[in-house]
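Inside the fold
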Amino acid sequence: MASAAKRLDTVPGTPAPQIAFDGATLVLGGKTIIENLSLGVQPGEFLCIVGASGCGKTTALRLAAGLYQPTSGRVNFDGQPMRAPRREIAIVFQDYGKALLPWRTAAGNVSLALEAAGMPSAERPARIEELLRTVGLPGHAGKYPSEMSGGMQQRLQIARCLAQEPKTLLMDEPFGALDAMTRQGLQDEVLSLMAASGATVIFVTHDLDEAIYLGDRVIGLLPHPGRIGIELAVNLPRPRDQLSTREHPEFLRLRRQLFDFIKATEQ
Amino acid sequence: MTAGSAKALALPLAVLATFELWARATHLQSDSLAPPSDIVVALFGAFADLSILAATRDTLFSAFAGLAIGTIIGLAFGIAFGISDTLNRLMEVTVEAIRPIPSIALLPIALIALGFGYRMEIVIVAFACVWPILILSRAAVRSIEPRLMEVARALRLPPAQRVWKIIIPAALPRIFVAFRLSAGIALIVAVTVEIAINPLGLGAGIMLAQQALRPDLMLAYLVWIGAIGYALNVLLVVAQNRLFGRAALSGADR
C-alpha cells in the first residue's frame, strides 16, 4: 500500500494501478492467445472479464497470477514485474473439486495456506476457525471435501485464498458449476467480503448478469486472438441487491450493451 | 467364511483327499511326492523343533530389509524423476538398461563382493524391489492433478513442503499398490537366493529336505511359504483398504 501511495504522489491525478498489463502478448504453441493487452486495475477495484468461450479470459487471469509469463510486453503488480506467483495474489479456481486436497479436512485445507506463509502451528487453529466462520462454514472444520456440497467446497477454497491475506483475488468462473440459488448467495458474500477487506478483484465469468452485478467495471474480450473489445463502467449503487440492482435501468442498459457485444463477437 | 469361500475350498480339498487315498492305496514311494497327511506331520515336526520358525525369521528379515531399502531408493528416484522431466530424460536410458537385468543374475557378483549371509541376500532383494517402486511412483507423481501443483505454486509452497504436503500424499495410494507388488517380489527373490546358494532361511530349508530325501518335509516348507505369501498379501490389502479406502482402487486403475 505504501508503494502505491508513493506512486500516487509522483504521478498526480492518475492513481497507480495495482495490476497493470502493458502491451502483454502471449503465444502458446505457435498460437497467439492474448494480443497486446493493456489494462490497469486500481487497488480495491472489482473488475469483471467476460467474453465468448475460448477468448482468452482465463489466460488473461493466469497472466495476472504469474502462472504464465507474457511472450512480449509486461504484467506488473504494484509496479514490479510479475515473474512468478506471489503470496499477495490468491486464485480461486473454477474446479474446486480438483483444487482442494482430498486427504485433508476443511481445516487442513485452510491450514495449507497458513503453513505456506510460515505461520506457527500454535496460532493456526484460531485463524482457521475465524476464516471458516467468515465464509459461512463454522462447524465443518473436520469434514473432508468429499463430504461437502459444491457450494461448500467453493466456500472452502475462498477461505484458503483469504488465508493468504491477498491484496488481489483472482477468480476464474468461480460459481460456474453451482446452481442458481447457491451462486446468488455466494455473489453477495464475495461482495461483502471484498468490501470488508478492500482487496482488488479480477473476476472472470461467462455470465453477463453476474459481471454487471458484481463489477465496478466490465471488460469484454474479443476472441482469436484475445483482445479488449468493450469496456463498461458500472455506476450502480453499492451495496448491490439481487432484486433492486438487477431491475435498475442502468443495469438493464449495460446488460443490453454487453449482450449485443457478445452476440456480435459470435458471428 | 461365506458360502462362496466354502465352495472355493471344495475342489482343492477334494483333490487332496483323492491324492491321499491314491498315495495310501499304491503305497507311494517317491523322492518328490508325499501324501498330504505326511506333509502335515512333517510341518508339525518342523514347528516342534523350531527349525521352520528360525528359517522363517531369516527369510522374512532378509526380505523385509531388502524391501525397505529398495522402497526408499525406488521412491526417492521415482519421485525425483516424476517431478523433473529433465532428470527423467537424462536417466531414462540408464534405467531402462539396468532394469531388465534379472536380480538373480547379480548373485555371482554379490557373492564375491559380500559373501554368504544376510547382506548379500538383502542387496539382491533390494535391487529387485527398486524397479516396480521407481516406475510406479514416477507414474503416480506424473499423474497428480495439475491443478494441485498450481495451487502449490500460487501459495508459494517451498519445494520441500511441495513434495511432503502435496506430491507424496497425492501419489500415496498408487505408491502403496507398488509397495504391495514389491512385497511379493521380495519374498520370491529372498527364497530364490536361498535355494540357489545362500545357506539360510526357508529356501535353504527346502534344499536340505530335498538332499535328505524327505519329500514330506520339502513339501511342508512349500506349503508354509505359500501360507506366508498369502498372509502377507491379505495383510497389505487390509492395510490398503484401511488407509486409502476407495482412493486406492481409483488410484490403481487410473
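Owing to the predicted nature of the structure, the values given are computational and were not obtained by experimental measurement.

Thresholds, definitions, all that
Residues numbered from 1 in each chain as written. Chains lettered and ligands numbered in written order. Predicted model: local features only at pLDDT ≥ 70, side-chain atom pairs only at ≥ 80, totals over all residues. UniProt positions renumbered as here; feature names shortened; annotations may be inferred. Helix = DSSP H or I, 4+ residues; strand = E, 2+ residues; numbered from the N terminus. Domains from an automatic or database assignment. Contact = placed C-beta atoms within 7 Å. Nonpolar A, V, L, I, M, F, W, Y, C, P; charged D, E, K, R; others polar. Buried ≥ 20, exposed ≤ 12 C-beta atoms within 10 Å, placed from the backbone. Pairing = 2+ DSSP bridges. Right-handed = clockwise from strand over helix to strand, strands pointing away. Axes fitted to C-alpha atoms, helices over the stretch in contact; angles between N-to-C directions. Left-handed = near helix turned anticlockwise from the far one by under 90°.

To continue, consider the UniProt feature "domain: ABC transmembrane type-1" (unreviewed entry) in chain B. UniProt's feature table lists "domain: ABC transmembrane type-1" (unreviewed entry) at residues 56-236 of chain B, given in the numbering used throughout. Counting secondary structure, residues 56-236 of chain B comes out at 86% helix and 0% strand; the distance between its end C-alpha atoms is 19 Å.

For the rest of this paragraph, the subject is the domain arrangement of chain A. Residue and element names in this part refer to chain A. Each assigned domain of chain A is listed with its residue range as follows: domain 1 (2-88 + 166-266) and domain 2 (102-165). With centres defined by C-alpha atoms, the gap from domain 1 to domain 2 works out at 26 Å. The interface is formed by ten residues belonging to domain 1 together with nine residues belonging to domain 2. Its residues placed into classes, the side of domain 1 that touches domain 2 shows seven nonpolar, one polar and two charged.

The partner chain B presents twelve residues to the 15 residues of chain A that form the contact. Contributions of two or more residues to the side of chain A that touches chain B are made by α3 (96-99) and α4 (106-116) of chain A. Considering each element in turn, the side of chain A that touches chain B owes the most residues, four residues, to α4 of chain A.

Next up on the list: the UniProt feature "domain: ABC transporter" (unreviewed entry) in chain A. Per the UniProt annotation, the sites labelled "domain: ABC transporter" (unreviewed entry) are residues 19-248 of chain A. With 33% helix and 27% strand, residues 19-248 of chain A has end C-alpha atoms that lie 30 Å from one another.

Below, the discussion takes up the pairing of strand β8 (residues 200-204) of chain A. All names here are of chain A. Among the five residues of β8, five are classified as buried, and the element is accordingly described as predominantly covered. Where burial is concerned, the two faces of β8 agree: the one with Thr200, Ile202 and Val204 and the one with Val201 and Phe203 are both buried. Here strand β3 (residues 46-51) runs beside β8; their pairing, made up of four bridges, is parallel. Within β8, the residue paired with Phe46 across the bridge is Val201. As judged from the five bridges shared by strand β7 (residues 168-172) and β8, these two strands associate in the parallel manner. Bridging from a neighbouring strand, Leu169 pairs with Val201 of β8. In this view, the connection linking β7 to its parallel neighbour β8 by way of helix α7 (residues 180-197) has right-handed handedness.

Turning to the packing of helix α3 (residues 51-83) of chain B against helix α6 (residues 118-142) of chain B, a few remarks are in order. Residue and element names in this part refer to chain B. In contact at an axis separation of 5 Å, α3 and α6 are set at 35° when each is read in the N-to-C sense. Considering how the two elements wind past one another, α3 and α6 form a crossing that is right-handed. Looking at side-chain class alone, the contact of α3 with α6 contains 22 nonpolar, eight polar and three charged residues.

Either a parallel or an antiparallel arrangement is found when strands of a sheet pair, and the pairing is made through backbone hydrogen bonds. All names here are of chain A. Reading across the sheet, the six strands line up as β6-β7-β8-β3-β9-β10 and stay open at both edges, with mixed pairing between neighbours. The open sheet has two edge strands, β6 (89-92) and β10 (227-233), and neither has a second partner. When the angles between neighbouring strand axes are averaged without regard to direction, this sheet yields 20°. On the sheet, helix α6 (residues 150-162) packs against β6 and β7 and is oriented at approximately 175° with respect to β6.

This paragraph deals with the pairing of strand β1 (residues 19-28) of chain A. All names here are of chain A. Relative to strand β2 (residues 31-41), β1 runs antiparallel, the two being bridged by seven bridges. The residue of β2 that forms the bridge with Ala24 is Leu37. Counting the residues between successive antiparallel strands, the hairpin from β1 to β2 contains two residues, one of them, Gly29, with a positive phi of roughly 60°. Alignment of β1 against strand β4 (residues 72-77), held across five bridges, turns out to be antiparallel. When the bridges of β4 are listed, Thr25 appears paired with Ser72.

Residue and element names in this part refer to chain B. Per the UniProt annotation, the sites labelled "transmembrane region" (unreviewed entry) are residues 63-84, 104-137, 175-197 and 217-239. Helix makes up 95% of residues 63-84 and strand 0%, whereas the separation of the span's terminal C-alpha atoms amounts to 31 Å. Secondary structure content for residues 175-197 is 96% helix and 0% strand, and the end C-alpha separation is 32 Å.

A separate point is unusual backbone geometry. Residue and element names in this part refer to chain A. Look at the link from His224 to Pro225: it is a cis peptide, with omega at -10°. On the secondary structure map, Pro225 appears in the loop between β9 (217-222) and β10. Pro239 follows Arg238 through a cis peptide bond whose omega is -5°. Locating Pro239 in the fold gives a position in the loop between β10 and α9 (244-247). Positive phi is not limited to glycine here, since His224 has a value of about 50°.

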